[in-house]
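Residues per chain, in single letters:
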Amino acid sequence: MTSRCHTGEPNRTTGLTHPLGAPGAPVRIRTHSLAAATVIALALTPIAWTTPTATAAAPDPTVSDFNADGYADLAVGVPDATVGGRTKAGYVNIVWGGKRGLGAHGNTRISQARPGVPGTPETGDRFGAAVAVADVDGDGTADLVIGAPGEDVTGRGTDAGTVAVLRGAKGGLGTATTVANGPSASAAYGRSVTAADLTGDGATDLAIGATDTVVLAPNDGPRSTVVTAPMGGRAPVLATGDFDNDGTADLAVAYWTRTQPYTQSHVRLWSWEPSESRLANIWNTDNAGVTALASGDFDGDGHDDLALGECREIADENIDDPCGPEEYAKGGGIHIHYGGARGFSAREQTLNQDTPGVYGRAEDGDRFGASLAVLDWNGDGRDDLIAGAPGEAIGTRAGAGAATLLLGRSGGLVAPSGEATSTAYSQNTPGVPGVAETGDAFGTAVATGDYDHDGTPDAAIGATGENNKSGGVWLLPALSPTASYAITPTRLGLPSPSTALSYGRTLSSH
């Protein structure tokens with residue numbers, strides 16, 4: 001990584017400097033509207049990087065705060081790391097928040113070599129392949145849920161997988177406890193994890209993604225299978241939110257496969273059914289393959305909405321255009337289902353980099369929406385969305401990557417005119433350290449938290465291809481590029497072997 005930055009090219013539509021800063025790139029902001037809306041040409045104004053005029057709500061001190069000091073922390077899963085000579089044994093790196101933000105207050109490596117963490121480092125465990133933040137034990141301090149899908153479990157077989165909870169504690173960290181082991185070889189428990197009160201009893205439950213299955217691990221009760229289906233060798237995508245408006249969190253699951261035994265793709269919702277003591281399937285959209293899911297209230301109406309990231313129609317069966325108009329799937333589209341008093345309303349929106357007000361141009365391979373994170377940046381009571389595009393080309397540098405902040409408004413992420421409000425970041429954005437290089441994959445993962453506790457959320461953006469795939473994480477305090485900085489394994493004093501760490505591939509977020 002270098003410290004120089006290129007100056008952005010003026011945007012030919014508005015005269016504004018393009019935040020991606022891609023010299024010579026064919027960048028434009030289109031002024032046509034969505035197919036169903038009236039065409040309106042508008043002056044598109046970028047977000048001004050000043051302190052928001054609205055007063056942001058004071059952050060919950062337990063959100064992502066593992067040591068109860070009032071500052072959000074960041075957990076970075078590094079499943080490809082070597083531990084004790086064991087390749088891909090994996091660890092989780094906790095970077096501590098503080099007055100000066102992340103990276104200035106130390107960091108702690110958590111592996112199975114740490115006292116109080118179950119198991120021992122073994123080749124291929126991939127400890128840290130998935131991480132999630134939740135107050136699992138109900139003590140008011142954030143805990144960390146960690147998946148290790150390659151764990152060999154005695155009596156159950158190779159790659160049965162395991163999930164552990166590392167407890168946060170005032171002034172430091174507590175011990176870890178195994179909460180679920182895979183039942184058989186290749187079950188790979190811990191490919192993905194999420195946590196919320198899914199049973200309505202006030203305690204935090206876990207949902208665990210595994211090989212071709214998702215299971216519910218209640219805080220108090222036996223595990224049960226949520227869904228079993230072919231998933232193409234990929235981890236099921238998990239998210240939670242109160243999508244049916246009953247006061248209890250629901251579980252969203254996305255998965256897809258090709259020709260196993262046939263091509264299929266699904267995004268499905270499950271809600272707790274007290275009379276049957278199980279999660280019941282309440283909603284489905286078929287034929288939609290997605291890479292990321294995120295829940296938030298993007299229109300500020302008090303109901304949870306669901307964003308489908310990098311949404312595309314896997315099997316062209318003309319079922320229901322599950323990702324919206326086909327032209328908005330190019331390069332990766334984001335499709336939003338808006339919530340209502342009785343669950344999802346009929347209102348949906350789709351956007352990509354050809355949507356007016358979204359910087360860039362939709363091109364094959366951009367992977368816009370491959371990672372998502374939700375925040376209320378300007379404190380207006382409407383959630384905003386950060387979307388990573390790790391395949392974005394910056395100039396001639398293929399796969400350099402970018403991330404875009406999309407602002408919520410009364411109508412959602414897209415105005416009735418068909419326009420969005422956004423700003424974009426890359427390593428060529430003025431003020432952002434480094435230079436966009438081929439294969440950096442900036443935007444592979446995105447996360448948010450108030451790491452300096454100033455009342456405004458910050459962004460963390462992973463770039464796994466940086467420095468020959470050693471990787472790194474870029475921090476943007478209050479989403480401002482001028483105050484941004486990068487933390488890398490070298491800067492944090494982490495072992496940097498010749499094998500790729502891909503640091504920044506897995507990030508925790510509240």
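Source: prediction; values computed, not measured.

## Notes on the confidence of the model for the protein chain
When pLDDT is averaged along the protein chain, the result is 86; 86% of the residues meet or exceed 70. Low confidence marks residues 1–59, where pLDDT is under 50. Its contacts with residues over four positions away, or in another chain, come to 143 contacts.

## Points about the packing of aromatic side chains
Each pair of aromatic rings is reported with the distance of its centres and the angle of its planes. With the rule as written, the count across this model stands at three aromatic pairs. For the pair Trp-283 and Phe-344, a centre-to-centre distance of 4.9 Å together with 80° between the ring planes defines the contact as edge-to-face. Remark: Phe-344 occurs in strand 20 (residues 343–351) and Trp-283 occurs in strand 15 (residues 278–286); sequence separation between them is 61 residues. Where Phe-442 meets Trp-474, the ring centres are 6.0 Å apart and the plane angle is 80°; that geometry is what we call edge-to-face. Taken together, the residues span a long stretch of sequence, with Phe-442 in strand 25 (residues 442–449) and Trp-474 in strand 27 (residues 472–476) at a distance of 32 residues. The buried category is assigned to Trp-474, whose relative accessible area is 0%. Chaining the aromatic ring pairs together yields one cluster made of Phe-243, Trp-283 and Phe-344. Taking the ring centre of Trp-256 as reference, the NZ or CZ of Arg-234 above it sits at 3.5 Å. Above the ring of Tyr-338, the side-chain terminus of Arg-347 is found at 4.0 Å from the ring centroid.

## Points about the sheet that holds strand 27
Pairing is antiparallel in the open sheet, where four strands are placed in the order 25-26-27-28. One side of each edge strand has no neighbouring strand; the edge strands of this open sheet are strand 25 and strand 28 (485–487). Taken over all neighbouring pairs, the strand axes of this sheet differ in orientation by 25° on average, direction set aside. In terms of strand pairing, strand 27 meets strand 28 through three bridges, oriented antiparallel. The partner of Trp-474 across the bridge, within strand 28, is Ala-486.

Procedures and definitions
- Residues numbered from 1 in each chain as written.
- Predicted model: local features only at pLDDT ≥ 70, side-chain atom pairs only at ≥ 80, totals over all residues.
- Heavy atoms only, no water.
- pLDDT = per-residue confidence, 0-100.
- Contact = heavy atoms within 4.5 Å.
- Phe/Tyr/Trp six-rings, centres within 6.5 Å; stacked < 30°, edge-to-face > 60°.
- Helix = DSSP H or I, 4+ residues; strand = E, 2+ residues; numbered from the N terminus.
- Buried < 20%, exposed > 50% of the residue type's maximum accessible area, 1.4 Å probe, protein only.
- Lys NZ or Arg CZ within 6 Å of the ring centre and 35° of its normal.
- Pairing = 2+ DSSP bridges.
- Axes fitted to C-alpha atoms, helices over the stretch in contact; angles between N-to-C directions.

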